[in-house]
Amino acid sequence: MSADKLLENPPYVKTEISDQRIEVGTEFDLNISGDFSDINNNISSYSATGLPPGLTLNKMGVLSGSPTTAGNFAVTVTASDSAEGQVSDTFEIMVAPANTSSFVVGTSGPDTLVGTAGNDGLYGFEGDDTLDGGLEKDWYSGGEGRDTFVLELVGGQDTISDFEDGLDKIGLKGGLNFSELGIVQEGTHTHIQSNGKTLGILSNIDSGLTNSEDFIMISIDPPPGHNGAF
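A quick note: this is a predicted structure, and the numbers were derived from the prediction, not measured.

Peer 1: Is there a simple way to explain unusual backbone geometry in this structure?
Peer 2: Glycine aside, a negative phi is what most residues show, and trans is what most peptide bonds show. We note that Glu84 has phi near 75°; this positive angle belongs to a residue other than glycine. Summarising the element assignment, Glu84 is placed in the loop between strand 8 (71–81) and strand 9 (86–96). Residue classification places Glu84 among the exposed residues on the basis of a relative accessible area of 75%. Phi at Asn99 takes a positive value of approximately 65°, unusual for a residue other than glycine. Structurally, the position occupied by Asn99 is in the loop between strand 9 and strand 10 (102–105). Residue Asn99 is classed as exposed on the basis of its relative accessible area, which comes to 62%.

Peer 1: Any chance you could explain the sheet that holds strand 17 (residues 169–172) here in plain terms?
Peer 2: Backbone hydrogen bonds hold the strands of a sheet together, and the pairing may be parallel or antiparallel. One open sheet accounts for 5 strands, arranged 11-13-15-17-21; its pairing is parallel. Of all the strands in the sheet, the pair left with one neighbour each is strand 11 (112–114) and strand 21 (215–217). Each neighbouring strand pair of the sheet contributes to a mean axis angle of 25°, computed without reference to strand direction. Strand direction decides the pairing type here: strand 13 (residues 130–132) and strand 15 (residues 148–151), joined by 2 bridges, are parallel. Bridge pairing in strand 15 places Thr130 opposite Thr148.

Peer 1: Help me understand a nonpolar patch on the surface, please; the structure alone is not making it clear to me.
Peer 2: A cluster of nonpolar residues, Leu135, Leu153 and Val154, forms a patch on the protein surface that exposes about 270 Å² of accessible area. Mapped onto the elements, Leu135 comes out in the loop between strand 13 and strand 14 (139–141). Of the residues examined, Leu135 reaches a relative accessible area of 42% and is grouped as partly exposed.

Peer 1: Would you take a moment to explain the pattern of salt bridges for this structure?
Peer 2: Two side chains of opposite charge can pair, provided their charged atoms sit close to one another. Evaluation of the coordinates by the stated rule reveals 2 salt bridges. The salt bridge involving Lys173 is made with Asp132; its shortest N-O contact spans 2.7 Å. Of this pair, Lys173 sits in the loop between strand 17 and strand 18 (182–186) while Asp132 sits in strand 13, and the two are 41 residues apart along the sequence. Across the salt bridge formed by Lys173 and Glu152, the nearest N and O atoms sit 4.0 Å from each other. One end of the pair, Lys173, is in the loop between strand 17 and strand 18; the other, Glu152, is in the loop between strand 15 and strand 16 (158–160), with 21 residues separating them in the sequence. As far as burial versus exposure is concerned, Lys173 and Glu152 are alike and both buried. Via salt bridges that share partners, Asp132, Glu152 and Lys173 belong to a single interconnected network.

About the criteria used
Residues numbered from 1 in each chain as written. Predicted model: local features only at pLDDT ≥ 70, side-chain atom pairs only at ≥ 80, totals over all residues. Heavy atoms only, no water. Helix = DSSP H or I, 4+ residues; strand = E, 2+ residues; numbered from the N terminus. Buried < 20%, exposed > 50% of the residue type's maximum accessible area, 1.4 Å probe, protein only. Pairing = 2+ DSSP bridges. Axes fitted to C-alpha atoms, helices over the stretch in contact; angles between N-to-C directions. Patch = residues over 30% accessible without salt bridge, like charges linked within 9 Å, V, L, I, M, F, W, Y side chains within 5 Å. Areas by Shrake-Rupley, 256 points an atom, 1.4 Å probe, with all protein chains shown as cover. Salt bridge = Lys/Arg side-chain N within 4 Å of Asp/Glu carboxyl O.

This is the structure:
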């Protein structure tokens, strides 16, 4: 074995890649090469899995494009060097629908997140969170933990992007109760309706899995933007 081979070291993560929040249709550009390093200075390429549709990562470590699909995406980036050494880091990209007026983001613990009067993107992150978008059309991503997504008659049509059957709950607010609801399958999504009005959409959930056990009565009134509107 040569001396050069003995001194060869694989790449390493210098700083963890920060989670990102963007909107559908928005141009995005992020250089992640600075988050990796190599003692031998021979990182040769970067690759990624789990990217939102519309985004690409080039070999120089630049993530760019315009996302076409809302959702929460776990992206793993791998840095490779010329000696076949590799290291990976995983981060989250939250893609909210177009025209989202504000983001409300939780912490690693339990949070109660409340939207504004506009179209909000609420992301619980970690912990057991309660997400209440309020008025207009809001987009929910609970992240990890047992989360509660709030629906009410006076609110807009909310989209719950990552509801986990048997783990998460739908909180009914303002006197709304399960007997008033209709559970309707539309394509791959479940629509929760009252008198023909869609209150919420469970993305990629079979309506046959949705029953009264998924719902609870709830009453919360924290200040709008609690835990991080920006």
